[in-house]
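# Observations on the model geometry
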There are 2 protein chains.
Amino acid sequence: MINRLTERIQKLEAPVVVGLDPMLSYVPESLQRAAFDAYGETLEGAAEAIWQFNKTIVDAVYDLIPAVKPQVAMYEQFGLPGMEVYRRTVAYCKEKGLIVIGDVKRGDIGSTSAAYAAGHLGKVCVGSKSYAPFDEDFITVNPYLGSDGIRPFLEVCKEEKKGIFVLVKTSNPSSGEFQDRLIDGRPLYEWVGEKVAAWGEECMGDSYSYVGAVVGATYPEMGKILRRLMPHTFILVPGYGAQGGKAADLAPYFNEDGLGAIVNSSRGIIAAYRKEPYASRFGAENFGDASRQAVLDMIEDLKCVRP
Amino acid sequence: MINRLTERIQKLEAPVVVGLDPMLSYVPESLQRAAFDAYGETLEGAAEAIWQFNKTIVDAVYDLIPAVKPQVAMYEQFGLPGMEVYRRTVAYCKEKGLIVIGDVKRGDIGSTSAAYAAGHLGKVCVGSKSYAPFDEDFITVNPYLGSDGIRPFLEVCKEEKKGIFVLVKTSNPSSGEFQDRLIDGRPLYEWVGEKVAAWGEECMGDSYSYVGAVVGATYPEMGKILRRLMPHTFILVPGYGAQGGKAADLAPYFNEDGLGAIVNSSRGIIAAYRKEPYASRFGAENFGDASRQAVLDMIEDLKCVRP
């Protein structure tokens, strides 16, 4: 899957992932109203509104980008109907040829991580049958529990030729509280980064590992160091756009091959229609077109950072 | 909810939580067969088997214990039908008067943690209505992202009078890989523990905070230090029993009031019927009775550690 990701990025010249993190408030009112008319102001109604919203955006942008990153929390908050739309969104994006990075940030002790790995990347056995319940291509994973919490994901990645992105340095303002603390003179995120590189060595694709890292766009100096520390690690870069990360700062996340990083934008794309310059040009009724234009602009914006 | 937890522990003299972490292989064959006869060897069939298994165990032990801790991964791995049984298990346990600790280990940047907090502990708004999709009493939370990833949980805890248990020192063998690394001469878990105590100060119940900590039974020396460092923090102690933690080692996790800790056992209780001395006494057909006896034995075993 990591080979497919690099191929798609090269073909589309777009190291871009669109974050499908729909707050209900992002869904245009007319779409919400239609969903509530059909299902009432229920969890089913909210899920339907989000599904129609996602579908329109995916239909508008799928040919421009290699990957999407649905944030499961935005679906999980609507309970079972929300999780059904998460599953359906993953399946629909894959049908459209998109690579799906499930932003689930799971991670637990070994036997429990094995269950998450089976449910999200692999298969579960039921009697003589097996099923792939959520079937993302990649998921994000939290490293706080150490190697034995990660290993079950690696096993499934090898079997299924799928991948994970391990949180190394996150994009949020207080990420440094623990991640930046110095251990033997070097910040925790560097130690985590080194582990990620080591875990990745045993699951190599052609040029990059199945084991990637999450490094926020908001910390480019750290991105530079981590790029060097993890030469074969693909970096998923959140925090561009709405969270404050700028294209000009993103060069250090890329390798000289122009690869090695994929930049996520969520709100900046899916809620583009609510902000200028897209609001007056497209309006709420054409929110899909607004998202498409925002993707085109993002691809253009990122041209400056690639060799 | 933390006040209710301490009251129930005192009343039952049982600082015990039963981990409802059902592997499908724990479910006796006759129960699996009945579920597969009704639903086929499908995700629905697996979920039904787990539901019947859970229900029997909860019916057998609910009067002995204050709380249960369903591990969501064991449900999530069976997709939507699994998540429905997770939700149903939470609701059923609450009906039975049990306090429910959802072992979900979620945690993300602020806006995303807010969605998890709403979905698991609080309410989500849909138009003019609001819903509590999963509605656990407590959930476990991962601290790697720092304060702004935790704060949305605190806000919901205050509103709903619910609680969280933050991972501090986990019970697994490689937990030390990052958690034990020294920062200014003290291990990371102590720094996390201090933060947990600080977060907890703003959400105090009568004697203990709504913000608890997870500290594994497998590291009693560290438990001792963390107990002192977080005097008003309730400690959820996994790792007793199957993972190797012994009752005699657990005294340091408790305060002088005999409170301050609650010890989890999962496999040791729910799969008791598969091991001696319960296997020959109860057998698979009476697995609920075996679980009840295992709970009684655990309560007895823990008597030695309380003042």
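Keep in mind that this is a model prediction, so the values were computed, not measured.

## A closer look at the interface of chain A and chain B
Residue-level contacts link 72 residues of chain A with 72 residues of chain B. Together chain A and chain B conceal approximately 5800 Å² of surface at their shared face, both sides included; 61% is due to carbon and sulfur atoms. When the shortest N-O distance is used, the salt bridge between Lys195 of chain A and Glu177 of chain B registers 3.9 Å. In this structure, the connection of chain A to chain B is made through 31 residue pairs in polar contact (both at pLDDT 80 or more). Top element by residues in the side of chain A that touches chain B is helix H6 (residues 110–120) of chain A. It accounts for seven residues. Across the side of chain A that touches chain B, the residue classes tally to 36 nonpolar, 22 polar and 14 charged.

## Here we look at the sheet that holds strand E12 (residues 261–265) of chain A
All names here are of chain A. With respect to topology, eight strands assemble into a closed barrel ordered E1-E2-E3-E6-E7-E10-E11-E12, the strand pairing being parallel. The sheet shows a mean angle of 30° between the axes of neighbouring strands, direction not considered. With three bridges joining them, strand E11 (residues 235–237) and E12 adopt parallel strand pairing. Residue Leu236 lies in a different strand from E12, and its bridge partner there is Ile262.

## Thoughts on the relation of the copies chain A and chain B
The transform that puts chain A on chain B rotates by 180° and translates by 0.0 Å along the axis, for an RMSD of 0.0 Å. On this basis, the relationship between the two copies can be described by a two-fold rotation axis. Distance from the rotation axis, computed per C-alpha, reaches its smallest value in chain A at Ile183 of chain A: 2.6 Å. Interface overlap between copies: 100% of the residues of chain A at the interface are likewise at the interface in chain B, consistent with a symmetric, same-surface contact.

## Side note on the packing of aromatic side chains
Counting across every chain of the model gives 14 aromatic pairs over all chains. Ring centres of Trp51 of chain A and Tyr92 of chain A lie 5.6 Å apart, and the angle between their planes is 80°; on these two criteria the pair is classed as edge-to-face. With Trp51 of chain A in helix H3 (residues 43–61) and Tyr92 of chain A in helix H5 (residues 79–95), the pair connects residues that are 41 residues apart, well separated along the chain. For Trp51 of chain A, a relative accessible area of 10% corresponds to the buried category. Centre to centre, the rings of Phe53 of chain B and Phe287 of chain B are 5.1 Å apart; their planes meet at 20°, and the pair counts as stacked. Taken together, the residues Phe53 of chain B in helix H3 (residues 43–61) and Phe287 of chain B in helix H13 (residues 287–302) connect sequence positions 234 residues apart. For Phe53 of chain B, a relative accessible area of 0% gives the class buried. The class of Phe287 of chain B is buried, set by a relative accessible area of 6%.

Criteria and thresholds
- Residues numbered from 1 in each chain as written.
- Chains lettered and ligands numbered in written order.
- Predicted model: local features only at pLDDT ≥ 70, side-chain atom pairs only at ≥ 80, totals over all residues.
- Heavy atoms only, no water.
- Contact = heavy atoms within 4.5 Å.
- Buried area = accessible area lost by both parts, 1.4 Å probe.
- Salt bridge = Lys/Arg side-chain N within 4 Å of Asp/Glu carboxyl O.
- Polar contact = N/O pair within 3.5 Å; in protein donor to acceptor, adjacent residues only side chain to side chain.
- Helix = DSSP H or I, 4+ residues; strand = E, 2+ residues; numbered from the N terminus.
- Nonpolar A, V, L, I, M, F, W, Y, C, P; charged D, E, K, R; others polar.
- Pairing = 2+ DSSP bridges.
- Axes fitted to C-alpha atoms, helices over the stretch in contact; angles between N-to-C directions.
- Least-squares fit on C-alpha atoms with pLDDT ≥ 70 in both.
- Phe/Tyr/Trp six-rings, centres within 6.5 Å; stacked < 30°, edge-to-face > 60°.
- Buried < 20%, exposed > 50% of the residue type's maximum accessible area, 1.4 Å probe, protein only.

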